[in-house]
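Fold and contact review
Residues per chain are reported as follows:
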Amino acid sequence: MLLSDVVTTSAAVAATRSRLAKVRALAGLIAQAGPGEIEPAVAFLSGAPRQGRTGTGYRTLWDLKISPAAEPSLTVEQTDGVLEELSTTGGKGSAQRRVELLTGLFGAATAAEQEFLIRLLTGELRQGALEGVMLDAIAAAAEVPAEPVRRAFMLSGRLPVTAVAALSGGEAALGEFRLEVGRPVRPMLASPAPSLPEALTELGSCAVEYKMDGARIQVHKQGDSVRIFTRTLREITKSVPELVELVRGLPCGSVVLDGETLALTDDGKPRPFQETMSRFGATSERELLLRPYFFDCLHLDGVDLLDTSLGERHAALLKAVGEHVIPGAVAPSADEAERILADSLEAGHEGVMVKALDSVYAAGRRGKAWQKVKPEHTLDLVVLAAEWGHGRRTGYLSNLHLGARDPDGGPPIMVGKTFKGMTDELLAWQTQELQRIESHRDSWVVFVRPEFVVEIELDGAQVSPRYPGGVALRFARVLRYRPDKDPAEADTIDAVRALLPGKGAADAPEKHN
Ligand SMILES: Nc1ncnc2c1ncn2[C@@H]1O[C@H](COP(=O)(O)OP(=O)(O)OP(=O)(O)O)[C@@H](O)[C@H]1O
């Protein structure tokens, strides 16, 4: 298969807003791929090479300025081979070899392929938003139902490997994927509940727990070996030695736990979310001690629990973590549940989670089995650009352009701007970081690649003929950046539209509260 086939398909997918057309285009190409081509082709189409980051800066690629080939000849396998070598070439004298490899690759590429490769290698093509579309395309190409494809992806976390299994061994091969201690699965997510009583009524027998304002962690322990992952499945084991130590001491041989971590002030209130997140960086100061609050157990001592009920998982959780369980109660009365909510807010947390006791762990899904109850209205939106400030803010990037996710995998749709709610520290940080992901600029605005998610508090939405989605935010202000979220997890344009006057909150297909 030629790389140009992938480039053409990628362009066709980007050019249409129709989900069906995207699925057809992707499935058509995947079905044509030979056994060795499926993995790299799916990786390229999702904008994420199999090798991860190849350590090649944008400038290096740009500076090469190599004249393009007139005709396409590069194959998918050749391209993948070069990326493989790039990712394994390091140490002394490697700079020269890397330039040789890139020169060879770019010299064999047409202008369109060169542009595609630059965007692929710089991460600009990474299209988390395409994930759902790609899963449907893999199912269509392999002629299998969508559900086993989805499940295999949730357990493997990798689209290319899922595609290979689907196309080479069908449903049977997809069914081989199991929870593996040490390999993270995508976390289960929650839907917004209109109110606590409604959530209790809808779910029947349930657990009610604090919704703590920390960061999600997934912990894998096998004997003395402990690995810890974030919500986006990034490994942070080395940054959180105190959590590793604590988990190593738990009274079990092997366990997979889901939970929240945060640091507390001296008087027991949660410290700001930003401080917890900063601990996940490689070089962070370790002054704040993080504590874990576990709320789920996916595996205990050789037994997988993904498909058992929350009631059973909760029993396993208590056995494994004892006092480190999140505050809450199993099957509380309505009054007790109200008290848990009041206590949680009083203690400085966000609200409560209400979870059906008979539900299984739906990895990677935002379902109704987990519902969150919290008083504030917020949206997680993608930063598209920022305008230079004036007055006190001269020299700083200030007014943010905000985009909502297109549920069909297109680029984010602009829904408003805000310069409110930012501290001087945040302004300085965003001025630097946004220029790092700049795509282009004019005299007033710096446009960026859609990589940052920011949590916005707002009063609602209004109809707007000026914005492309026909809807604009009302009184938006920045609460915080969400480095733990990918743009693929931002709120959708439908969630923004659901805030229009006359639309009940329950119309929102995704979270918005
Ligand atoms: N008891 C709990 N059970 C499950 N998740 C919890 C709990 N307490 C806090 N959380 C956090 O809440 C998140 C689940 O809510 P949701 O699915 O809406 O994710 P979210 O989009 O990050 O939510 P939000 O933006 O409202 O924090 C989890 O990812 C986790 O980090």
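Numbers given to residues run from 1 along each chain, matching the order in which its sequence is written. Thresholds applied to this predicted model are a pLDDT of at least 70 for local features of residues and 80 or more for the giving and counting of side-chain atom pairs; totals over whole chains, interfaces and linings are not thresholded and use all residues. Only hydrogens and water are set aside when side-chain values are computed; all heavy atoms of the structure are taken into account.

1. Considerations on the overall build of the protein chain
The secondary structure listing takes helices from DSSP runs of H or I that are at least 4 residues long and strands from runs of E that are at least 2 residues long, numbered from the N terminus. In terms of regular secondary structure, the protein chain is built from 17 helices and 19 strands. With the radius of gyration taken over C-alpha atoms, the globule rule is written as 2.2 Å times the number of residues to the power 0.38. For the protein chain, whose C-alpha radius of gyration is 24 Å, the value lies close to the compact-globule estimate of 24 Å for 513 residues. Dimensions of the protein chain, computed from the C-alpha atoms along their principal axes, are close to 75 × 60 × 50 Å. Per-residue burial over the protein chain gives 54% buried out of 513 residues. Across the protein chain, every contact between residues at least 6 apart in sequence was considered, and the portion connecting residues at least 24 apart equals 71%. Element-wise, carbon and sulfur atoms account for 52% of the exposed surface of the protein chain, whose accessible area totals about 22500 Å². Three exposure classes are used, based on accessible area relative to the maximum for each residue type with a 1.4 Å probe and protein chains only: buried under 20%, partly exposed in between, and exposed over 50%. When checking whether two residues touch, look at their non-hydrogen atoms; a contact exists if any pair is within 4.5 Å. Only the protein chains shown count as cover for residues, and all accessible areas are computed by the Shrake-Rupley method using a 1.4 Å probe.

2. Concerning the sheet that holds strand E2 (residues 206-211)
Pairing between strands is defined by DSSP: at least two bridges between them are needed. Taking strand neighbours across the sheet as the criterion, the 5 strands line up as E1-E10-E9-E2-E8 in an open arrangement whose pairing is mixed. Whereas interior strands pair on both sides, the edge strands pair on one side only; in this sheet they are strand E1 (189-192) and strand E8 (328-330). Direction aside, neighbouring strands of the sheet carry axes that sit 30° apart on average. Summarising the sheet, E2 and E8 pair through 3 bridges and their orientation is antiparallel. When the bridges of E8 are listed, Ala-207 appears paired with Val-330. Angles shown run from 0 to 180 degrees and are taken between the N-to-C directions of axes, each axis being a line fitted to C-alpha atoms and, for helices, limited to the stretch in contact.

3. What about the UniProt feature "active site" (unreviewed entry) in the protein chain?
UniProt positions are given in the numbering used here, feature names are shortened, and annotations may be inferred rather than shown by experiment. As annotated in UniProt, the feature "active site" (unreviewed entry) corresponds to Lys-211 in the numbering used here. Mapped onto the fold, Lys-211 is located in strand E2. On the basis of relative accessible area, Lys-211 is assigned to the buried category, the value being 18%. Non-local contacts of Lys-211, meaning those with residues more than four positions away in its chain, are made with Ser-344, His-349, Glu-350, Gly-351, Val-352, Met-353, Lys-372 and Lys-374.

4. Notes on the environment of Gln-462
Residue placement: Gln-462 occurs in strand E17 (residues 460-463). What Gln-462 contacts, discounting residues up to four positions off in sequence, is Gly-470, Val-471, Ala-472, Arg-474 and Leu-500.

5. Focus on the nonpolar core
With 86 residues, the main nonpolar core has Phe-106 and Val-354 as its most contacted residues. Per-element accounting of this core gives the leading share, 8 residues, to helix H8 (residues 131-142). A domain split of this core shows at least three residues from each of domain 1 (3-174) and domain 2 (191-373). Dropping the residues within four chain positions of it, Val-354 is found in contact with Leu-196, Ala-199, Leu-200, Leu-203, Cys-206, Ala-207, Val-208, Ala-369, Trp-370, Gln-371 and Val-373. Each nonpolar core is a collection of buried residues, namely Ala, Val, Leu, Ile, Met, Phe, Trp, Tyr and Cys, held together in the definition by side-chain atoms within 4.5 Å. All the domain ranges listed were derived from an automatic or database domain assignment.

6. Observations concerning the UniProt feature "binding site: ATP" (unreviewed entry) in the protein chain
UniProt feature "binding site: ATP" (unreviewed entry): in the numbering of this structure it lies at Glu-209, Arg-216, Arg-231, Glu-260, Phe-295, Arg-366 and Lys-372. Secondary-structure assignment places Arg-216 in strand E3 (residues 215-222). Whenever a nitrogen or oxygen atom comes within 3.5 Å of another N or O atom, the pair is scored as a polar contact, on the condition that within protein one atom can donate a hydrogen and the other can accept it, and that pairs from neighbouring residues in sequence are kept only if both atoms are in side chains. Polar contacts involving the side chain of Arg-216 include one to the main-chain carbonyl oxygen of Met-188, which spans 3.0 Å. Secondary-structure assignment places Glu-260 in strand E5 (residues 254-262). Its relative accessible area of 11% is what places Glu-260 among the buried residues. Non-local contacts of Glu-260, meaning those with residues more than four positions away in its chain, are made with Met-212, Asp-213, Gly-214, Ala-215, Arg-216, Ile-217, Arg-291, Pro-292, Tyr-293 and Phe-295. Among the polar contacts listed, one links the side chain of Glu-260 to the backbone nitrogen of Gly-214, at a separation of 3.0 Å.

7. Quick look at the site of the ligand
When we say a residue is near a molecule or strand, we mean one of its heavy atoms is within 4 Å of it. The environment of the ligand is formed by 22 residues, the closest being Ala-190, Glu-260, Lys-372, Lys-374 and Lys-485. The separation between a nitrogen atom of the ligand and a polar main-chain atom of Tyr-210 is 3.0 Å. Take Arg-482: an N or O atom from its side chain is 3.0 Å from an oxygen atom of the ligand. Compared with its free state, where it exposes 600 Å², the ligand has 97% of that area covered by protein. Secondary-structure elements contributing two or more residues to the shell around the ligand are E1, E2, strand E9 (351-356) and strand E10 (366-373). Across the shell around the ligand, the residue classes tally to 8 nonpolar, no polar and 14 charged. We call Asp, Glu, Lys and Arg charged. Ala, Val, Leu, Ile, Met, Phe, Trp, Tyr, Cys and Pro are nonpolar, and the rest, Gly among them, are polar.

8. Overview of the domain arrangement of the protein chain
Splitting the protein chain by domain gives domain 1 (3-174), domain 2 (191-373) and domain 3 (378-507). When each unit is reduced to the centre of its C-alpha atoms, the spacing between domain 1 and domain 2 is 35 Å. Every contact between the two is made by 5 residues of domain 1 and, on the other side, 5 residues of domain 2. In short, buried area is how much 1.4 Å probe accessible area vanishes from two parts on joining, totalled over both. Summed over both partners, the interface of domain 1 with domain 2 comes to about 410 Å²; 54% of that surface belongs to carbon and sulfur atoms.

9. Some words on helix H10 (residues 159-174)
By this rule, a helix spans an expected 1.5 Å times one less than how many residues it contains. In this model, H10 (16 residues) spans only 12 Å end to end at C-alpha, well below the 22 Å of a helix rising 1.5 Å per residue. To get the bend at any residue, fit one axis to the seven residues that end at it and another to the seven that begin at it, then take the angle between the two axes. Along H10, the sharpest change in direction is near 105° and occurs at Ser-168. Where H10 is concerned, the buried positions are Leu-159, Pro-160, Thr-162, Ala-163, Ala-165, Ala-166, Gly-170 and Leu-174.

10. With respect to the packing of aromatic side chains
Aromatic pairs are defined between Phe, Tyr and Trp rings, using the six-membered ring for Trp, whenever the two ring centres lie within 6.5 Å; interplanar angles under 30 degrees are classed as stacked, those over 60 as edge-to-face, and all others as tilted. If you walk through the whole model with that rule in mind, you get 5 aromatic pairs. The cationic tip of Lys-420 hangs over the ring face of Phe-419; the distance from NZ or CZ to the ring centre is 5.4 Å. A ring has a charge above it when a Lys NZ or an Arg CZ is no more than 6 Å from the ring centre and no more than 35 degrees off the ring normal.

11. Focus: the pattern of salt bridges
Throughout this description, the term salt bridge denotes a Lys or Arg side-chain nitrogen within 4 Å of a carboxyl oxygen of Asp or Glu. One pass over the full model with this rule turns up 33 salt bridges. Salt-bridge contacts for Arg-97 lead to Glu-100; the nearest nitrogen and oxygen are separated by 3.0 Å. Placement of the pair is Arg-97 and Glu-100 together in helix H6 (residues 94-108), with a separation of 3 residues, close to one helical turn. Looking at Glu-100, the relative accessible area reads 40%, which means it is partly exposed. In this structure, the salt-bridge partner of Arg-313 is Asp-296, at a minimum N-O distance of 2.7 Å. A residue pair is termed long-range when its members are at least 10 positions apart, and Arg-313 in helix H14 (residues 310-321) and Asp-296 in strand E6 (residues 291-300) qualify at 17 residues. The same class applies to Arg-313 and to Asp-296, which are both buried. Look at the salt bridges and you will find they share partners, linking Lys-211, Asp-213, Glu-350, Lys-374, Glu-455, Arg-480, Arg-482 and Asp-484 into a network.

12. A look at the sheet that holds E3
The antiparallel open sheet is built from 5 strands, whose spatial order is E4-E3-E5-E6-E7. Looking at which strands have only one partner, the edges of the open sheet turn out to be strand E4 (225-229) and strand E7 (303-304). Pairing of E5 with E6, which is carried by 8 bridges, proceeds in the antiparallel orientation. The partner of Glu-260 across the bridge, within E6, is Tyr-293. Sheet contacts for H14: E5 and E6; angle to E6, the most-contacted strand, approximately 120°.

13. Section: the state of the cysteines
We call a pair of cysteine sulfur atoms a disulfide when they lie within 2.5 Å. Here the structure, examined in full by the defined rule, presents 0 disulfides. Between Cys-252, a cysteine without a disulfide, and Cys-297, which holds the nearest cysteine sulfur, the sulfur-to-sulfur distance is 7.6 Å.

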